[in-house]
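Understanding the architecture of this molecule
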Amino acid sequence: DRVFFATNESVLTTASRETLRKQAAWLRKNSNINVVLEGHADERGTREYNLALGERRAFSVKSFLVSLGIEESRISVISYGKEKPQSLNDNESSWAQNRTAITVINQ
């Protein structure tokens, strides 16, 4: 599952919160599972700016999941900034796909 963000933002949208509520419910049922939250940004901006933005996005998701009762120790955070794009096209639609936080099961 992934959630999306507006340009230069790390604030969760209503749709993102709903997705994360479902993730939290699944994580509560699967208490032996740990996750990594990957923060991503689109290709615009410097490497340093986008790494920081990706980190803010991932921590925003982590904070919300913790507020829903998921133990903080089960959640790791990493930022890829613009280094691992989900879409490679140079347009707004592609950039929107890259402004994400992705929840990955840590095995």
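Our subject is the structure that appears above.
Report on the accompanying structure. Keep in mind the model is a prediction, meaning the values are calculated, not measured. (Residues numbered from 1 in each chain as written. Predicted model: local features only at pLDDT ≥ 70, side-chain atom pairs only at ≥ 80, totals over all residues. Heavy atoms only, no water.)

Taking 1.5 Å of rise per residue, the 21 residues of helix α2 (residues 47–67) would be expected to cover 30 Å, and the 30 Å separating its terminal C-alpha atoms lies within 8% of that figure. Buried within α2 are the following residues: Asn 50, Leu 53, Gly 54, Arg 57, Ala 58, Ser 60, Val 61, Lys 62, Phe 64 and Leu 65. Where α2 is buried, its residues meet β1 (2–4), α1 (14–29), β2 (34–40), β3 (75–81) and β4 (100–106). Positive phi appears at Gly 69, one or two residues downstream of α2, with a value of about 100 degrees. (Helix = DSSP H or I, 4+ residues; strand = E, 2+ residues; numbered from the N terminus. Expected span 1.5 Å × (residues − 1). Buried < 20%, exposed > 50% of the residue type's maximum accessible area, 1.4 Å probe, protein only. Contact = heavy atoms within 4.5 Å.)

Counting residues in hydrophobic clusters, the biggest one holds 16 residues, and the most contacted among them are Val 3, Leu 12, Leu 20, Val 61 and Leu 65. Mapped by element, the contributors of at least two residues to this core are α1, β2 and α2. Considering each element in turn, this core owes the most residues, 4 residues, to α2. Once residues within four sequence positions are removed from consideration, Leu 20 is found in contact with Val 3, Leu 12, Val 61, Phe 64, Leu 65 and Leu 68. (Core = buried A, V, L, I, M, F, W, Y, C linked by side-chain atoms within 4.5 Å.)

Ordered in space as β1-β4-β2-β3, the 4 strands form an open sheet in which the pairing is mixed. On the outer flanks of this sheet lie β1 and β3, each paired with one strand and no other. Within the sheet, the average angular offset between the axes of one strand and its neighbour, ignoring direction, is 20 degrees. Lying over the sheet, α1 contacts β1, β2 and β4, oriented at roughly 160 degrees with respect to β1. Lying on the sheet, α2 is in contact with β1, β2, β3 and β4; it crosses β3 at an angle near 155 degrees. (Pairing = 2+ DSSP bridges. Axes fitted to C-alpha atoms, helices over the stretch in contact; angles between N-to-C directions.)

This paragraph deals with the pairing of β3. Where a strand is regular, its side chains alternate between the two sheet faces. Note: β2 against β3, 6 bridges, orientation parallel. Residue His 40 lies in a different strand from β3, and its bridge partner there is Gly 81. Tracing the backbone out of β2, into α2 and back to the parallel element β3 gives a crossover that is right-handed. (Right-handed = clockwise from strand over helix to strand, strands pointing away.)

What follows covers the environment of Ser 10. Counting through the fold element by element, Ser 10 comes out in the loop between β1 and α1. In this structure, the C-alpha to C-alpha distance between Ser 10 and Val 36, residues 26 residues apart in sequence, is 17 Å. Leaving out residues up to four positions away in the same chain, Ser 10 has contacts with Phe 5, Arg 56, Arg 57 and Ser 60.

Across the 7 residues of β2, 6 count as buried, placing the element largely inside the fold. Here 6 bridges tie β2 to β4, and the two strands are oriented antiparallel to one another. Of the residues in β4, the one forming a bridge with Gly 39 is Ala 101.

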